[in-house]
Amino acid sequence: MGIRLLINAARFVLTFLVATVAVFFFMRAIPGDPAQIALGVNATPELLEQTRREFGTDRPLPVQYFDWVSGLLRGDFGTSYVTRTDISPLVLDRLQVSLILVGLAMAVALLIAVPFGTLAALRHRKPSGVLLSGLSQLGVAVPGFLAAIMLVVVFAVGLGWFPANGWTPPGEDFADFLHRVALPVLALASVQGAVLTRYVRSAVLEVMNEDYLRTARAKGLGKLEALVRHGLRNAAVPVLTVAGVQLAALIIGAVVIERVFVIPGLGSMLLDAVGNRDLLTVQSVVMVLVALTLIINLAVDVLYTIIDPRLRKRS
């Protein structure tokens, strides 16, 4: 197990470093001078040169890269080219908002997927099972932004039950926080919950055909009891893989949902930075999203070894 963890950790570090190189040099390949963008077209050559020195863009690219990466590792994302303010506090503040939104959405998606996916598998030859399977397939086909717009039209504009946009920190007013976060969480969770329901159904169906589960039923256990006691642990391994992928997809999908509901998360920060051509902020936010995705993948690999004892023996 220890060797496997070391390999996963080494893969994480290597992938992160490769991603920093790709993001940094891709952003530098975009046409435009950050100093010229910050000062405007009427800036004098002297002022442009001074601003380039302040931004550090007059130095060789390898030097700029190593300064930026060393800052990332220290938690220092640099100074915005547009607002001339420190990016780090703003990134950390927006990150908290996005993590709250994504965490709640993933929890709701699992609450939808596990019981309904299991029920669809147990009743897969009955009308109720076919109905659940059809509804989950329909949910997979609906884009997240469309689900968000439909929820706003029905529950915010039509019925007036929830606000259409805005954000209240949970520590400030928890009741208002729940009121405002309900629609964006449901918009994110409904699509991911439908995807996970399909995979839970497939995993449970596969487990139900295993010999050990038939043996448990032959000893007197009911179908559901045998599945809960002996099957769900094995069914969790493939579902865990998909859950990790879907959690990463939630982080990326939150970029659009935050824009629809005017939530001050990383997604809104990224889109604002792109619109303002604030390249340093863009590459810093992108790297935070990359790091979150890699951390999720690493956590999934670790959970594999905890859930499946066969992996621990091979390690």
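Residues numbered from 1 in each chain as written. Predicted model: local features only at pLDDT ≥ 70, side-chain atom pairs only at ≥ 80, totals over all residues. Heavy atoms only, no water.

J.: Help me understand the overall build of the protein, please; the structure alone is not making it clear to me.
T.: If you tally the helices and strands in the protein, you get 13 helices and 0 strands. Counting the 315 residues in the protein, one finds 41% classified as buried. Considering only residue pairs separated by 6 or more positions, the protein has 71% of its internal contacts joining residues 24 or more positions apart. Counting only carbon and sulfur atoms, one obtains 67% of the accessible surface of the protein, whose full area is about 16600 Å². (Helix = DSSP H or I, 4+ residues; strand = E, 2+ residues; numbered from the N terminus. Buried < 20%, exposed > 50% of the residue type's maximum accessible area, 1.4 Å probe, protein only. Contact = heavy atoms within 4.5 Å. Areas by Shrake-Rupley, 256 points an atom, 1.4 Å probe, with all protein chains shown as cover.)

J.: Would you explain the nonpolar core in this entry?
T.: A general feature of soluble globular proteins is that nonpolar side chains tend to end up buried together. If you look at the biggest cluster of nonpolar residues, it comprises 68 residues, and the most contacted ones within it are Trp-68, Val-91, Phe-261 and Leu-266. Setting aside residues no more than four positions away along its own chain, Phe-261 makes contact with Ala-148, Val-152, Ala-164, Asn-165, Gly-166, Leu-183, Pro-184 and Ala-187. (Core = buried A, V, L, I, M, F, W, Y, C linked by side-chain atoms within 4.5 Å.)

J.: Before we go on, may I ask you to explain the packing of aromatic side chains in this structure?
T.: Geometry of an aromatic ring pair is reported as the spacing of the ring centres plus the angle between the planes. A complete count under the given rule lists 8 aromatic pairs for this structure. With a centroid separation of 5.2 Å and an interplanar angle of 70°, the aromatic rings of Tyr-65 and Phe-66 are classed as edge-to-face. Judged by relative accessible area, Phe-66 falls into the exposed class, the value being 57%. An aromatic cluster is present here, built from Phe-24, Phe-25, Tyr-65, Phe-66 and Trp-68 joined pairwise through their rings. (Phe/Tyr/Trp six-rings, centres within 6.5 Å; stacked < 30°, edge-to-face > 60°.)

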